[in-house]
Amino acid sequence: MATSSPSEEQLSPNVQASRPEINTTFTITAASSDHELPSTWQREYNTAVSAGLSSLVSTFVGFPFDSIKTRMQAYRFQSVLDCVMVTKKTEGIEGFFRGVGAPMISVTIVRTLSFSIYAQCRATYTDALNRLLGEGYIVDPSGPVLLTPEQKATPGPNLLRALPMYFMSGFTAGGFIALFSCPFEFTKLSTQIELLMARAKHAAMLDSSHTAPKYEPKGTLESFKDIIRKRGILGLYSGFRYHFARDALGTSLYFSVYESSKQLFSMYNPHGGPPGPLVIAISGGLCGIFSWAVLFPLDTMKSIVQRDILTRPPGTPIKKRPFQLFNPRMYRGLGVSIARTGLVNMTFFSIYEQLYKKL
């Protein structure tokens with residue numbers, strides 16, 4: 001039969017005095033230190049995995065919209081419906097998903113890297129600004145440090161101080177990612193419009209509504225190899241300056257609007273607490289729509305320049321095109337692009353935030 005241990009009251013004073021003192025302070029500190037290291041690693045792991053898996057789903061969902069947008073930017077159609085009907089008639093349903101392979105790989109890798117670089121830059125720039133302007137000048141609500149009661153009471157000033165940090169972090173991430181994503185984007189565009197380019201070469205096919213001549217699409221991998229064969233490795237970076245400007249500025253606006261929207265909605269939430277699923281979805285949609293609406297003319301210019309390069313033999317001088325901000329042609333496909341980016345980013349952030357919490 002088990003015997004119960006004597007309580008502290010039952011022990012004699014001499015016995016109590018002879019018991020070794022346990023260093024509870026050391027034990028707690030060590031446990032806390034062991035917990036902090038995997039915590040930082042866990043945040044980075046959660047960010048990468050959540051961004052990658054969410055990107056796979058959202059890219060596939062939004063790709064038909066992206067395909068229609070690219071076709072309308074590069075070639076002349078009467079309307080979005082005309083572009084959809086011509087694509088369906090001449091290429092079938094698979095025409096809307098032609099070239100999906102490249103972005104399924106590239107966008108997933110790009111978003112995973114982009115979110116990881118953004119999170120690292122956000123923490124680095126926050127620390128740098130706090131060292132420069134005083135500790136606690138900026139507290140990132142998305143980071144591990146909690147807002148003070150004073151900052152919770154007046155979140156507006158903290159948000160305004162954090163905006164440049166969000167913008168700089170996004171610009172750094174977008175600029176770095178452009179080096180990786182440009183070859184995939186150029187290959188995707190080549191795959192999406194290869195049938196249109198083939199039809200444009202056919203003398204009898206002046207109107208895009210005619211039946212396309214028989215042409216066997218090369219596919220993503222063959223397009224990639226064909227570009228390298230004809231133009232070399234650097235050919236994959238055709239139109240890079242437009243691509244860099246679009247990605248760096250676009251990512252800056254993207255993260256700035258998303259972070260601000262989340263905080264603003266939470267700021268005026270009478271019930272308090274973290275942002276809910278609806279706030280996440282709306283913030284995701286807004287950041288995509290706003291960044292694309294502002295930079296859409298630049299994206300159109302990129303598509304036109306890259307189309308010009310693809311339709312001319314390697315080494316042929318490309319006609320310089322002025323950047324016409326107010327030319328209606330620069331906004332072809334804006335409507336379908338807004339629908340696409342809203343849907344894609346609502347889907348992406350809804351999945352991303354849930355995965356991040358559950359991992």
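Look a little higher up for the structure.
Residues numbered from 1 in each chain as written. Predicted model: local features only at pLDDT ≥ 70, side-chain atom pairs only at ≥ 80, totals over all residues. Heavy atoms only, no water.

Caption draft 1: Focus on the overall build of the protein chain. Counting its regular elements, the protein chain contains 10 helices and 0 strands. Counted from the first residue to the last, the protein chain has its helices and strands arranged as α-α-α-α-α-α-α-α-α-α. Within the protein chain, the fraction of its 359 residues that count as buried is 43%. At a minimum sequence separation of 6, the contacts of the protein chain that also span at least 24 residues come to 79%. Entry remark: accessible area of the protein chain is about 19,500 Å², with carbon and sulfur atoms responsible for 66%. (Helix = DSSP H or I, 4+ residues; strand = E, 2+ residues; numbered from the N terminus. Buried < 20%, exposed > 50% of the residue type's maximum accessible area, 1.4 Å probe, protein only. Contact = heavy atoms within 4.5 Å. Areas by Shrake-Rupley, 256 points an atom, 1.4 Å probe, with all protein chains shown as cover.)

Caption draft 2: Broad picture of the packing of helix α8 (residues 240–267) against helix α9 (residues 277–310). For the pair α8 and α9, interaxial distance at closest approach is 8 Å and the crossing angle is 165°. When the interaxial angle is binned, α8 and α9 end up roughly antiparallel. The chirality of how α8 crosses α9 is right-handed. Looking at the contact of α8 with α9, its residues break down into 20 nonpolar, 7 polar and 4 charged. (Axes fitted to C-alpha atoms, helices over the stretch in contact; angles between N-to-C directions. Parallel < 35°, antiparallel > 145°, perpendicular 65-115°, else oblique. Left-handed = near helix turned anticlockwise from the far one by under 90°. Nonpolar A, V, L, I, M, F, W, Y, C, P; charged D, E, K, R; others polar.)

Caption draft 3: Here's a closer look at the environment of His 243. Take His 243: it is sitting in helix α8. For His 243, a relative accessible area of 0% gives the class buried. With residues near it in sequence (within four places) discarded, His 243 still touches Ala 178, Ser 181, Cys 182, Glu 185 and Lys 302. Among the polar contacts listed, one links the side chain of His 243 to the side chain of Ser 181, at a separation of 2.9 Å. (Polar contact = N/O pair within 3.5 Å; in protein donor to acceptor, adjacent residues only side chain to side chain.)

Caption draft 4: Quick peek at the environment of Lys 319. Within the secondary structure, Lys 319 is located in the loop between α9 and α10 (334–358). Separated by 10 residues in sequence, Lys 319 and Ile 309 have C-alpha atoms that sit 9.5 Å apart.

Caption draft 5: Structural view of the pattern of salt bridges. Inspection of the entire model under this criterion finds 19 salt bridges. When the shortest N-O distance is used, the salt bridge between Arg 229 and Asp 226 registers 3.4 Å. Pair noted here: Arg 229 and Asp 226 are both in helix α7 (residues 220–231), with a separation of 3 residues, about one helical turn. Taking relative accessible area as the criterion, Arg 229 reaches 57% and is therefore assigned exposed. (Salt bridge = Lys/Arg side-chain N within 4 Å of Asp/Glu carboxyl O.)

Caption draft 6: Structural view of the packing of aromatic side chains. This model, assessed by the stated rule, comprises 18 aromatic pairs. Ring geometry for Tyr 254 against Phe 255: centres 5.4 Å apart, planes inclined by 85°, an arrangement best described as edge-to-face. When the centroid spacing of 5.8 Å and the interplanar angle of 15° are considered together, the rings of Phe 348 and Tyr 352 count as stacked. In this pair, Phe 348 and Tyr 352 are both assigned in helix α10, 4 residues apart and thus about one turn of the helix distant. Owing to a relative accessible area of 0%, Phe 348 belongs among the buried residues under this scheme. (Phe/Tyr/Trp six-rings, centres within 6.5 Å; stacked < 30°, edge-to-face > 60°.)

Caption draft 7: Region of interest: the nonpolar core. Counting residues in each nonpolar core, the largest one holds 25 residues, and the members touching the most others are Ile 68, Tyr 75, Phe 77, Ile 193 and Leu 310. Elements supplying a minimum of two residues to this core: α2 (24–74), α3 (80–91), α6 (155–201), α8 and α9. With 6 residues, α9 is the largest single contributor of residues to this core. Core analysis: the next-biggest nonpolar cluster, separate from the first, contains 23 residues, Ile 117, Tyr 254, Phe 255 and Cys 287 among them. (Core = buried A, V, L, I, M, F, W, Y, C linked by side-chain atoms within 4.5 Å.)

Caption draft 8: Layout of helix α4 (residues 101–133). Here α4 is 33 residues long and its end C-alpha atoms lie 47 Å apart, about the 48 Å a rise of 1.5 Å per residue gives. Directly after α4, the chain includes Gly 134, whose backbone phi takes a positive value near 115°. (Expected span 1.5 Å × (residues − 1).)

Caption draft 9: Region of interest: the side chain of Ser 223. Of note, Ser 223 is situated in helix α7. Residue classification places Ser 223 among the buried residues on the basis of a relative accessible area of 1%. In this view, Ser 223 contacts Thr 187, Ser 190, Thr 191, Glu 194 and Lys 218; residues no more than four positions away in its chain are not counted.

Caption draft 10: Main features of α3. The end-to-end C-alpha distance of α3 is 16 Å, a good match for the 16 Å that 12 residues give at a rise of 1.5 Å each. Along α3, the residues classified as buried are Asp 82, Cys 83, Val 86, Thr 87 and Glu 91. End-on, the buried residues of α3 take up no more than an arc of 125°, which puts them together on one face. Seen from the buried face of α3, the exposed residues on the opposite side, beyond 90 degrees, are Leu 81, Met 85 and Lys 89. Where α3 ends, the next residue or the one after it, Gly 92, has phi of about 80°, a positive value. (Arc of directions from axis to C-beta.)

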